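# Chains, contacts and geometry: an overview
Spelled out, the chains give:
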Amino acid sequence: MTVALILLVAMFGVGILLYVEHRFYLARRPEPEAKEEESQANNDDACCGLHITCEKDSLLAAVSDSIEYYDDEELDRFAHKAENAYTDDEVEEFREILLTMRADDIAGWARSLQLRQISLPPAVRDELIMIVSEARSAKANDAVF
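Here's a quick rundown of the structure. Everything numeric in this text was worked out from a predicted model, so none of it was measured. (Residues numbered from 1 in each chain as written. Predicted model: local features only at pLDDT ≥ 70, side-chain atom pairs only at ≥ 80, totals over all residues. Heavy atoms only, no water.)

Tallying secondary structure elements over the protein gives five helices and zero strands in all. Listing every helix and strand of the protein by position from the N terminus yields α-α-α-α-α. Per-residue burial over the protein gives 21% buried out of 145 residues. In the protein, the proportion of contacts linking residues at least 24 apart, taken out of those at least 6 apart, comes to 71%. Here the protein displays about 10,800 Å² of accessible surface, and carbon together with sulfur accounts for 59% of that area. (Helix = DSSP H or I, 4+ residues; strand = E, 2+ residues; numbered from the N terminus. Buried < 20%, exposed > 50% of the residue type's maximum accessible area, 1.4 Å probe, protein only. Contact = heavy atoms within 4.5 Å. Areas by Shrake-Rupley, 256 points an atom, 1.4 Å probe, with all protein chains shown as cover.)

Before going further, it helps to spend a moment on the pattern of salt bridges. Taken as a whole, this structure holds nine salt bridges when the rule is applied. Among the ionic pairs, Arg125 bridges to Glu83, the shortest N-O distance being 2.8 Å. Linking Arg125 in helix α5 (residues 122-144) with Glu83 in the loop between α2 (32-42) and α3 (88-100), this pair joins segments that are 42 residues apart in sequence. Under the relative-accessibility criterion, Arg125 is labelled partly exposed at 28%. Arg95 is the partner of Glu92 in a salt bridge, and the nearest nitrogen-oxygen pair spans 2.5 Å. In this pair, Glu92 and Arg95 both sit in helix α3, three residues apart, roughly one turn of the helix. Classification of Glu92 by relative accessible area gives partly exposed; the value is 42%. Among the charged side chains, a salt-bridge network with shared partners connects Asp72, Asp76 and Arg116. (Salt bridge = Lys/Arg side-chain N within 4 Å of Asp/Glu carboxyl O.)

What follows covers unusual backbone geometry. In the Ramachandran plot, His80 falls in the positive-phi region, its phi being about 65° despite a non-glycine side chain. Considering the arrangement of structural elements, one finds His80 in the loop between α2 and α3. The residue Gln117 is not glycine, and still its phi comes out positive at about 60°.

Attention now goes to the environment of Ile106. On the secondary structure map, Ile106 appears in helix α4 (residues 106-115). A relative accessible area of 2% means that Ile106 is categorised as buried. When the C-alpha atoms of Ile106 and Ala135 are compared, they prove to be 9.7 Å apart, with 29 residues separating the residues in sequence.

Printed below as a string of structure tokens:
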């Protein structure tokens, strides 16, 4: 009986020590809300989390209705043009713009073209979708690690 009482008191003492250490640990650690707000303020690429799809990554024109130009005002001449009516030089013009853009701007550029009613040539559209999907999978892999 005495051994059981000694073990019980020892376990109680260890529990109190662990509790005190845990309280000191929590006091030294920054608040989770402040850390999250700081990371949101420092990260312009982060989504707000209020939407099912992030507006920055969405290729849908319905998500955002503001047109943003990416130094591509010359493409406005292609508004309302059928996607199969482009010449080879015009296709190369779209491809050159696509390949010189930053990867995180491509989805916004595609959304801007949709809002401006500019159809991409099928070959360039396929390249755009491939680049965006690769960027999303790379971003997802970065988030995992």
